Amino acid sequence: GFTASLKQSKALSPETVTTDTISAPFVYPDIEVKEIDIANVRIDYDNSVTAINSNLDLRHMRFEFNELDLPNKQINLRLFQLDSTSGFFALGKTAQQAVKSTATEVATTLEKGWTIQLDKLGLHDIDYKFDDLNDKKVTRGIDYNHIDLKDLLVEAKDIYYVRDSVSGSVSQLSATESSGLDIKH
């Protein structure tokens, strides 16, 4: 297992941040991976500069690869399994600016896009909470700025993801959400 508690309370000074340290574009390594099995990981992250607070308590996660082609941004998985995992992510009052700048960086990185194929997906006993503390909670309906998802269970197969579309077959789906949403399939 692994446990980490990270607290960031001071921003990097402008003198330490440079944008010209990399002269060539990043090239993904060509590696071979058959499986990754991770258990008992707990990470807490609190950033008082950007007002982001998050936690991950991962009991078990397993990847089984058919093929991993990082240079061509292609991942073909036989299995992705996530069990008994919980987490939360909270955006505080000053987080919005950091989120917007990060979103721009991510959009640029994803420009070419990845292709992901997944033969079998299993998510069991997953709890996740998201709070955007900049927005008040709504009293009716699903509040997408304050999600509290419990007991997520997903069994799916033949999942295919490319930059602008996702397809697959879901055989089992259940979850509850604090708004009163209760999915049982």
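These figures come from a predicted structure and were not determined experimentally. (Residues numbered from 1 in each chain as written. Predicted model: local features only at pLDDT ≥ 70, side-chain atom pairs only at ≥ 80, totals over all residues. Heavy atoms only, no water.)

*Asks:* Can you walk me through the pairing of strand β5 (residues 115-132) in this structure?
*Replies:* Both faces of the sheet carry side chains from a regular strand, because those side chains alternate between them. Pairing between strand β4 (residues 74-91) and β5: 16 bridges, direction parallel. What sits directly across from leucine 77, in β5, is leucine 118. The pairing of β5 with strand β6 (residues 146-162) spans twelve bridges and is antiparallel. Following the sheet pairing, isoleucine 116 is matched in β6 by tyrosine 161. (Pairing = 2+ DSSP bridges. Helix = DSSP H or I, 4+ residues; strand = E, 2+ residues; numbered from the N terminus.)

*Asks:* How should the sheet that holds β4 be read in this particular structure?
*Replies:* The strands that make up a sheet pair up through hydrogen bonds in the backbone, lying either parallel or antiparallel. The strand order β1-β2-β3-β4-β5-β6-β7-β8 describes an open sheet built from eight strands, whose pairing is mixed. Either end of the sheet is taken by a strand with one partner, and the two such strands are β1 (2-8) and β8 (182-184). The average undirected angle you get between the axes of adjacent strands in this sheet is 20 degrees. Across three bridges, strand β7 (residues 165-177) lies against β8 in antiparallel orientation. Within β8, the residue paired with alanine 175 across the bridge is isoleucine 183. (Axes fitted to C-alpha atoms, helices over the stretch in contact; angles between N-to-C directions.)

*Asks:* Looking at this structure, I do not really get the side chain of aspartate 148. What am I missing?
*Replies:* Take aspartate 148: it is sitting in strand β6. For aspartate 148, a relative accessible area of 19% gives the class buried. Residues within four places of aspartate 148 in sequence aside, it is in contact with Tyr128, Lys129, Thr176, Glu177 and Ser178. (Buried < 20%, exposed > 50% of the residue type's maximum accessible area, 1.4 Å probe, protein only. Contact = heavy atoms within 4.5 Å.)

*Asks:* How do you make sense of the nonpolar core when you look at a structure like this?
*Replies:* Nonpolar side chains in soluble globular proteins tend to end up buried together. Core analysis: the biggest nonpolar cluster contains 20 residues, and Phe80, Leu82, Leu121 and Leu123 have the highest contact counts within it. Of all the secondary structure elements, the ones that give two or more residues to this core are β3 (52-69), β4, β5 and β6. For leucine 82, the residues in contact, after removing those within four places along its chain, are Leu58, His60, Met61, Gly122, Leu123, His124 and Ile126. (Core = buried A, V, L, I, M, F, W, Y, C linked by side-chain atoms within 4.5 Å.)

*Asks:* Whenever I open this one, a nonpolar patch on the surface confuses me. Can you help?
*Replies:* A cluster of nonpolar side chains, Ile142, Tyr144 and Leu181, forms an exposed patch at the surface whose accessible area comes to about 300 Å². Relative to the helices and strands, isoleucine 142 is located in the loop between β5 and β6. Look at isoleucine 142 and you get partly exposed, because its relative accessible area is 33%. (Patch = residues over 30% accessible without salt bridge, like charges linked within 9 Å, V, L, I, M, F, W, Y side chains within 5 Å. Areas by Shrake-Rupley, 256 points an atom, 1.4 Å probe, with all protein chains shown as cover. Salt bridge = Lys/Arg side-chain N within 4 Å of Asp/Glu carboxyl O.)

*Asks:* Looking at this model, I keep getting lost on the pattern of salt bridges. Mind explaining?
*Replies:* Oppositely charged side chains are able to pair whenever their charged atoms sit close together. Tallied over the full model, the rule gives ten salt bridges. Between arginine 62 and aspartate 37 there is a salt bridge; the shortest N-O distance is 2.5 Å. Of this pair, arginine 62 sits in strand β3 while aspartate 37 sits in strand β2 (residues 35-47), and the two are 25 residues apart along the sequence. When its relative accessible area of 18% is taken as the criterion, arginine 62 is described as buried. With relative accessibility at 44%, the residue aspartate 37 sits in the partly exposed group. The partner of lysine 150 in a salt bridge is aspartate 148, and the shortest N-O contact between them spans 3.9 Å. Given the relative accessible area of 36%, lysine 150 is considered partly exposed. Shared partners join several salt bridges into a network, and the residues in it are Glu35, Asp37, Arg62, Glu64 and Arg78.

Purely geometric stuff here, so don't read any function into it on its own.
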